[in-house]
Amino acid sequence: MMVDTYQNLVFSICYKVTGDYFMSEDLTQEAFLSAFKNLDTFEGENEKAWLCRIATNKSIDYLRSAGRRAVPTEDVFFEQKSEDAGSPEDICLEKEVKERLLKYCGRLKPPYNEIAKNVYYDEKKAAEIAKERNENLKTVQTQIYRARDMLRKIYGKEIGA
């Protein structure tokens, strides 16, 4: 039940931290595996927050270990720079994911459609959006929370279909 409820959230955290779609899938599985292994130490705090923390830590640990493994030599430096741009598959996949996200944002009612687009597509911070819209930061944060919930329901319907 925990996996069904939080799978998309945990994946999105891993993807946001690592920027690697396929590694995010692996890290999502690792996060849930770690949660199940440590379920007996779970002290009744917010299950969602606990899983988010595990996902974040798994992703950060992955980035740290990847950084330690990759010590470029002078010869390899420029090769790695070209690889950092991403493979054609990664670029295509990211474009497809972003297009789908933009389409889902467009399905939301105002003001949530614009808020969702600003946060998840344009990757703007709440404070930046509040300043642009000349609105209270708390209002924008509430709208982001609601837009995220609406998007989660849209994604859930797609997965369940």
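Please refer to the structure higher up on the page.
A brief look at the structure comes next. (Residues numbered from 1 in each chain as written. Predicted model: local features only at pLDDT ≥ 70, side-chain atom pairs only at ≥ 80, totals over all residues. Heavy atoms only, no water.)

1. A few points about the packing of helix H1 (residues 2–18) against helix H2 (residues 21–37)
Operational definition: As a rule, the C-alpha atoms of each element are fitted with a line to give its axis, helices using only the stretch in contact, and angles between N-to-C directions run from 0 to 180 degrees. Strands here are runs of E lasting at least two residues and helices are runs of H or I lasting at least four, both read from the DSSP assignment and numbered beginning at the N terminus. The scheme is simple: roughly parallel for angles under 35 degrees, roughly antiparallel for over 145, roughly perpendicular for 65 to 115, oblique for anything else. Take the far helix as your reference; a near helix turned counterclockwise from it by less than a right angle gives a left-handed crossing, and one turned clockwise gives a right-handed crossing. The criterion used for residue contact is that any of the two residues' heavy atoms lie within 4.5 Å. Three classes are used, and their members are as follows: Ala, Val, Leu, Ile, Met, Phe, Trp, Tyr, Cys and Pro are nonpolar, Asp, Glu, Lys and Arg are charged, and the others, Gly among them, are polar.
The contact between H1 and H2 brings their axes to 8 Å, and the two run at 130 degrees. Here H1 is positioned oblique relative to H2, judged by the angle of their axes. Seen along the crossing, H1 lies across H2 with a hand that is right-handed. On the side of H1, the interface is formed by Met2, Val3, Tyr6, Gln7, Val10, Phe11, Cys14, Tyr15 and Thr18, while H2 contributes Tyr21, Ser24, Glu25, Leu27, Thr28, Ala31, Phe32 and Phe36. Split into classes, the residues belonging to the contact of H1 with H2 amount to 12 nonpolar, four polar and one charged.

2. Some thoughts on the nonpolar core
Cut-off, in case you're wondering: Buried Ala, Val, Leu, Ile, Met, Phe, Trp, Tyr and Cys residues form a nonpolar core when they are joined through side-chain atoms within 4.5 Å. Throughout this description, buried means an accessible area under 20% of the type-specific maximum (1.4 Å probe, protein chains only), exposed means over 50%, and partly exposed covers the range between.
In this structure, Tyr6, Val10, Phe32, Leu51 and Ala55 are the most contacted members of the largest nonpolar core, which totals 16 residues. Counting only elements with at least two residues in this core, the list comes to H1, H2 and helix H3 (47–69). Residues Tyr104, Leu108, Tyr112 and Ala116 belong to the second largest nonpolar core, which totals nine residues.

3. What about the side chain of threonine 56?
Note the threshold: Side-chain atoms alone can form a polar contact between residues adjacent in sequence; in general such a contact is a pair of N or O atoms within 3.5 Å, and within protein one must be able to donate a hydrogen while the other accepts it.
Structurally, the position occupied by threonine 56 is in helix H3. At 2.8 Å, the side chain of threonine 56 and the backbone oxygen of cysteine 52 are in polar contact.

4. Looking at the packing of aromatic side chains
Heads up, the rule is: A pair of aromatic rings is counted whenever rings of Phe, Tyr or Trp (Trp by its six-membered ring) have centres within 6.5 Å, and the orientation is called stacked for planes under 30 degrees apart, edge-to-face for over 60 and tilted otherwise.
This structure, assessed with the given rule, holds four aromatic pairs. Considering the side-chain rings of phenylalanine 11 and tyrosine 15, the 6.1 Å spacing of their centres and the 10 degrees angle between planes classify their relative orientation as stacked. Of this pair, phenylalanine 11 and tyrosine 15 both sit in helix H1, four residues apart, roughly one helical turn. Phenylalanine 11 gets classed as partly exposed once you look at its relative accessible area, which sits at 21%. You can call tyrosine 15 partly exposed: its relative accessible area is 23%. Aromatic side chains tyrosine 21 and phenylalanine 22 sit 5.4 Å apart centroid to centroid with 85 degrees between the ring planes, which places their arrangement in the edge-to-face category. Since its relative accessible area comes to 45%, phenylalanine 22 is described here as partly exposed.

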